Amino acid sequence: MPELPEVETLCRQMSAVMAGAQVRRLDILDARLGRGKNLRGMRVLTVAREGKWIIIRLEGERTIRLHLRMTGHLLWRESDLVILPHTRFTLTFDRGRLDLVDPRRFATLSFDSPLAEPAPIKNPLEGFDTGILIERAAKRTAPVKSFLMDQKVIAGIGNIYACEILHAAAIDPRRSAGSLSRAEWRKVATAAGRILQKAVACRGTSVSDWRDLYGRMAEYQNHLSVYGRAGETCLQCRETIVREPIGGRGTFFCPSCQR
DNA sequence: CGAACGACCTGTTCGC
DNA sequence: TGCGAACAGGTCGTTC
């Protein structure tokens, strides 16, 4: 589910409501998430995003690391504290409760674990270095779309935004990453920066069931050019958008203006 | 090292 | 209407 803009949205909203707050209790409802910790009385220092990871830093060098994978949702609730279906943990504060709701149970939770090796482009919101892209893509034969989604290279881009970025850059997603010219990588970098920034401003993309921390729909789904639009008309050239699997993932593109 | 593919889960949508 | 197949925002492990 959530890619960089969705996770960024949740982190900003959590930071606003949780920073400085004291944990009352943590309850793990799904044993798949592992054992909980006694965090009672600890204050939240910061809530930050690393790629698609959510890092909650607490007093005493304690951290909670959370990854929502495909269907993880986080909801902040202050009234009507009924446990919704598929709730996997609850983190209770004096002023409200943070719930993880995750139907597919792919989300993961860990405590105090070491940070992963940062990707060369660890925060696409701060801009891209085209040189790094070219260097890392050299000799890679996998499709450029899979390359954009490789978290070891760029942290945060997933299926929706990879499709949108390549359409904006007019690049065929099936081309090998190593085949793009410098000028094409510049177009990709520019498109990626612009699209991700705008998606953050829109609080993400609500395809199917994504909602923000307060259960509200996002806005970027109203700006999608290709994702989810198979059979519809390309707004750029009037050709029909197609869907074709790449790397096992549904990929949407315009066969006419993406070359 | 990189690439391809199945596995992990459950719910919803699609096609006959 | 009903039923099985296909599909879904993401990674990870295995095999070649």
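Rules and cut-offs
- Residues numbered from 1 in each chain as written.
- Chains lettered and ligands numbered in written order.
- Predicted model: local features only at pLDDT ≥ 70, side-chain atom pairs only at ≥ 80, totals over all residues.
- Heavy atoms only, no water.
- Helix = DSSP H or I, 4+ residues; strand = E, 2+ residues; numbered from the N terminus.
- Rg over C-alpha atoms; globule rule 2.2 N^0.38 Å.
- Buried < 20%, exposed > 50% of the residue type's maximum accessible area, 1.4 Å probe, protein only.
- Contact = heavy atoms within 4.5 Å.
- Areas by Shrake-Rupley, 256 points an atom, 1.4 Å probe, with all protein chains shown as cover.
- Lys, Arg positive; Asp, Glu negative; His and termini not counted.
- Charge placed at Lys NZ, Arg CZ, Asp CG, Glu CD.
- Near = heavy atom within 4 Å.
- Polar contact = N/O pair within 3.5 Å; in protein donor to acceptor, adjacent residues only side chain to side chain.
- Nonpolar A, V, L, I, M, F, W, Y, C, P; charged D, E, K, R; others polar.

Asker: For this particular structure, what's the right way to read the overall build of chain A?
Answerer: Counting secondary structure elements, chain A contains 5 helices and 10 strands. In terms of overall dimensions, chain A is globule-like: its C-alpha atoms have a radius of gyration of 19 Å, near the 18 Å expected for 259 residues. If you line up chain A on its principal axes, its C-alpha atoms span 55 × 35 × 30 Å. Residues classed as buried in chain A amount to 51% of the 259 residues present. Intrachain contacts of chain A at a sequence separation of at least 6 include 60% that bridge at least 24 residues. Taken as a whole, chain A presents about 12,200 Å² of accessible surface, with 48% of it coming from carbon and sulfur. Positive and negative side-chain charges in chain A, numbering 41 and 28 respectively, have mean positions lying 2 Å apart.

Asker: What should I look at first to understand the protein's contact with DNA strand B in this one?
Answerer: Close to DNA strand B lie Arg32, His86, Pro103, Arg104, Arg105, Phe106, Arg140, Thr141 and Ala142, which account for all nearby residues. Within the side chain of Arg32, a nitrogen or oxygen atom sits 2.3 Å from a phosphate oxygen of DNA strand B. In the model, a phosphate oxygen of DNA strand B is placed 2.6 Å from a nitrogen or oxygen of the Thr141 main chain. Considering only residue class, the surface near DNA strand B consists of 3 nonpolar, 2 polar and 4 charged.

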